[in-house]
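Residue-level listing of the chains:
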Amino acid sequence: MKVAEAEFAFAMGRPLPKRDKIYGVAEVLDAVASLHPAIEVPDSRYQDFTRVGAEQLIADVACACWFVLGAAVRVDWRVRDLAMHGVTAYRNGAAAGKGSGANVLRDPRSALTWIANELSAYGDGLRAGDVVITGTCLTPVPVSAGDSVKVDFADFGALEVGFG
């Protein structure tokens, strides 16, 4: 797909197993051990993934492929409004985009809760140690061989990845 995405990543500290009752946001966040900035590098087995349709993309693991996990956020992220948290991306040192957590289903915490409930209903739930990336905070940054992409989550940290 030749893009990089800036994402919030939640590392689970305790499991959220399969059950009949839905999980609420507070309960899901209570199970989180740490928050990390991340870069996802999605990919698809389809030559033109924009034309194949939702069903095929879902069957293609929703274009999930690789991600780079940054260090755990050291500030108290639990008291912050993650929807309003800004993120900036740079390609080869030049600004390539700005966004915020609001671009992730309006709030990355909502995205995490959604996947916890989907996995509870249709899978085995989330396990301690699982890492969940929640979706891109900004328009995906196009990349080519030789490029580097840095994502800056302000006081949450920054990380960079190079493409060989």
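Look a little higher up for the structure.
Computed from a prediction, not measured in an experiment: that's the story for all the values here.

### Here we look at the nonpolar core
If you look at the biggest cluster of nonpolar residues, it comprises 36 residues, and the most contacted ones within it are Phe 10 and Trp 77. Of the residues forming this core, the biggest block, 5 residues, is contributed by strand S1 (residues 3-12). Beyond its immediate sequence surroundings of up to four residues, Trp 77 is in contact with Phe 10, Leu 29, Val 32, Ser 34, Leu 35, Leu 82 and Phe 156.

### Let's talk about the sheet that holds strand S5 (residues 86-91)
Strand pairing in a sheet relies on backbone hydrogen bonds, with the paired strands running either antiparallel or parallel. One open sheet holds the 4 strands; their spatial order is S6-S5-S10-S11, and the pairing between them is antiparallel. If you trace the sheet from one side to the other, it starts and ends with strand S6 (94-100) and strand S11 (158-162), each paired once. Across the sheet, the mean angle from the axis of one strand to that of its neighbour is 15°, orientation sign disregarded. As judged from the 6 bridges shared by S5 and S6, these two strands associate in the antiparallel manner. Within the sheet, the bridge partner assigned to Val 87 lies in S6 and is Gly 99.

### Notes on the pattern of salt bridges
Under the defined criterion, the tally for this structure stands at 6 salt bridges. In this structure, Glu 27 engages Arg 19 in a salt bridge whose closest nitrogen and oxygen atoms are separated by 2.7 Å. For Glu 27, a relative accessible area of 29% corresponds to the partly exposed category. Note that Arg 109 and Asp 81 form a salt bridge whose closest N and O atoms lie 3.4 Å from each other. One end of the pair, Arg 109, is in helix H3 (residues 108-122); the other, Asp 81, is in the loop between strand S4 (66-69) and S5, and 28 residues separate them in sequence. Of the residues examined, Arg 109 reaches a relative accessible area of 16% and is grouped as buried. Taking the relative accessible area as the measure of exposure, Asp 81 reaches 42% and is therefore partly exposed. Residues participating in the shared-partner salt-bridge network are Asp 81, Asp 107 and Arg 109.

### A few points about the environment of Pro 140
One can find Pro 140 in the loop between strand S8 (131-136) and strand S9 (141-142). Spatially, the C-alpha atom of Pro 140 lies 9.2 Å from that of Ala 89, the residues being 51 residues apart in sequence. Contacts of Pro 140, omitting those with residues within four sequence positions, involve Val 3, Ala 4 and Glu 5.

### Brief notes about the side chain of Ser 34
Tracing the backbone through its elements, the reader meets Ser 34 in strand S3 (residues 32-41). Given a relative accessible area of 16%, Ser 34 falls into the buried group. Polar contacts involving the side chain of Ser 34 include one to the side chain of His 36, which spans 2.8 Å. Those residues in contact with Ser 34, other than ones at most four positions away along the chain, are Ala 9, Phe 10, Ala 11, Ala 72 and Trp 77.

### A look at H3
Here H3 is 15 residues long and its end C-alpha atoms lie 21 Å apart, about the 21 Å a rise of 1.5 Å per residue gives. Restricting attention to buried positions, one finds in H3 the residues Pro 108, Arg 109, Ala 111, Leu 112, Thr 113, Ala 116, Asn 117 and Ser 120. Summarising the contacts, the buried residues of H3 are in contact with S1, strand S2 (16-17), helix H1 (25-30), S3, strand S7 (125-126) and S8.

### Observations regarding unusual backbone geometry
At Leu 105, a position not held by glycine, the phi torsion is positive, near 45°. Looking at the secondary structure, you find Leu 105 in the loop between S6 and H3. One non-glycine residue with positive phi stands out, namely Ala 154, at about 55°. Here Ala 154 shows up in the loop between strand S10 (148-152) and S11.

Calculation criteria
Residues numbered from 1 in each chain as written. Predicted model: local features only at pLDDT ≥ 70, side-chain atom pairs only at ≥ 80, totals over all residues. Heavy atoms only, no water. Core = buried A, V, L, I, M, F, W, Y, C linked by side-chain atoms within 4.5 Å. Buried < 20%, exposed > 50% of the residue type's maximum accessible area, 1.4 Å probe, protein only. Helix = DSSP H or I, 4+ residues; strand = E, 2+ residues; numbered from the N terminus. Contact = heavy atoms within 4.5 Å. Pairing = 2+ DSSP bridges. Axes fitted to C-alpha atoms, helices over the stretch in contact; angles between N-to-C directions. Salt bridge = Lys/Arg side-chain N within 4 Å of Asp/Glu carboxyl O. Polar contact = N/O pair within 3.5 Å; in protein donor to acceptor, adjacent residues only side chain to side chain. Expected span 1.5 Å × (residues − 1).

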